[in-house]
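Structure assessment
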Amino acid sequence: MIKIVCMCGAGEGSSLLFVMGVQRVIKRNGYNESDFMYEQGDVQTGKALAKFADILITTPAFQDAIDPDGPPAVFVKNIFSEDEIEEKLMPVLKEVIASKEK
């Protein structure tokens, strides 16, 4: 199981859009949805959830709030762009999957 945390300012709209975009990108790339778990939250909740996550997704606006010792972070400028989500998420996801298979 790969846990992905999507974080935004208020923990409602943007993080939900991230989850939906990430789900479509993962499905489009041939991964099984049941292998993934998604959490969403505001900055404080996201930071707490990230302690138990494999990947954190947020916007560059929250880059300073990210724990450098936490999971790999993916910073997406345009939350509506599945192309950008795919471009930035997939290399990180492949690394996470490879590390779990060891």
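Residues numbered from 1 in each chain as written. Predicted model: local features only at pLDDT ≥ 70, side-chain atom pairs only at ≥ 80, totals over all residues. Heavy atoms only, no water.

Turning our eyes to something else, we now look at the overall build of the protein. Within the protein, the regular secondary structure consists of 3 helices and 4 strands. Seen in sequence order, the protein has helices and strands lined up from the N terminus as β-α-β-α-β-β-α. Against the compact-globule benchmark of 13 Å for 102 residues, the protein has a radius of gyration of 12 Å, which places it among compact chains. The principal-axis extent of the C-alpha atoms belonging to the protein is close to 30 × 30 × 20 Å. For the protein, buried positions account for 43% of its 102 residues. Considering only contacts in the protein between residues 6 or more positions apart, those separated by 24 or more positions represent 61%. With an accessible surface of roughly 5700 Å², the protein has 51% of that area assigned to carbon and sulfur atoms. (Helix = DSSP H or I, 4+ residues; strand = E, 2+ residues; numbered from the N terminus. Rg over C-alpha atoms; globule rule 2.2 N^0.38 Å. Buried < 20%, exposed > 50% of the residue type's maximum accessible area, 1.4 Å probe, protein only. Contact = heavy atoms within 4.5 Å. Areas by Shrake-Rupley, 256 points an atom, 1.4 Å probe, with all protein chains shown as cover.)

This next bit is on the sheet that holds strand E3 (residues 55–58). As summarised here, the arrangement of the 4 strands in space is E2-E1-E3-E4, forming an open sheet in which the pairing is parallel. The open sheet has two free edges, formed respectively by strand E2 (36–41) and strand E4 (73–75), since each of these has just one partner strand. Adjacent strand axes in the sheet meet at a mean angle of 20 degrees when their direction is disregarded. Note: strand E1 (residues 2–7) against E2, 6 bridges, orientation parallel. In the strand pairing of E2, Cys6 is matched with Gln40. Its contacts with the sheet put helix H1 (residues 13–28) on E1, E2 and E3, and the angle it makes with E2 is roughly 160 degrees. (Pairing = 2+ DSSP bridges. Axes fitted to C-alpha atoms, helices over the stretch in contact; angles between N-to-C directions.)

Our next topic: the nonpolar core. In terms of nonpolar packing, the biggest core is built from 22 residues, with Ile4, Val22, Ile26, Ile55, Ile57, Leu89 and Leu93 touching the most fellow members. Going through the elements one at a time, E1, H1, E2, E3 and helix H3 (82–101) are the ones with two or more residues in this core. With residues up to four places along the chain from it excluded, the contact list for Leu89 reads Val22, Ile26, Ile55, Ile57 and Val74. Membership of the second largest hydrophobic core comes to 7 residues, among which are Val5, Met7, Ala53 and Leu56. (Core = buried A, V, L, I, M, F, W, Y, C linked by side-chain atoms within 4.5 Å.)

On to the packing of aromatic side chains, then. Taken as a whole and judged by the stated rule, the model has 2 aromatic pairs. Ring centres of Tyr31 and Phe36 lie 6.0 Å apart, and the angle between their planes is 85 degrees; on these two criteria the pair is classed as edge-to-face. On the numbers, 6.5 Å between centres and 20 degrees between planes, the contact of Phe36 with Tyr38 is stacked. The residues Phe36 and Tyr38 share a single accessibility class, namely buried. (Phe/Tyr/Trp six-rings, centres within 6.5 Å; stacked < 30°, edge-to-face > 60°.)

With that settled, consider the environment of Ala73. As for its placement among the helices and strands, Ala73 is situated in strand E4. Take Ala73: its relative accessible area is 26%, and that puts it in the partly exposed class. Sequence spacing of Ala73 and Lys88 is 15 residues, and the spatial spacing of their C-alpha atoms is 9.7 Å. Apart from the residues lying within four places of it in its own chain, the contact partners of Ala73 are Leu56 and Ile66.

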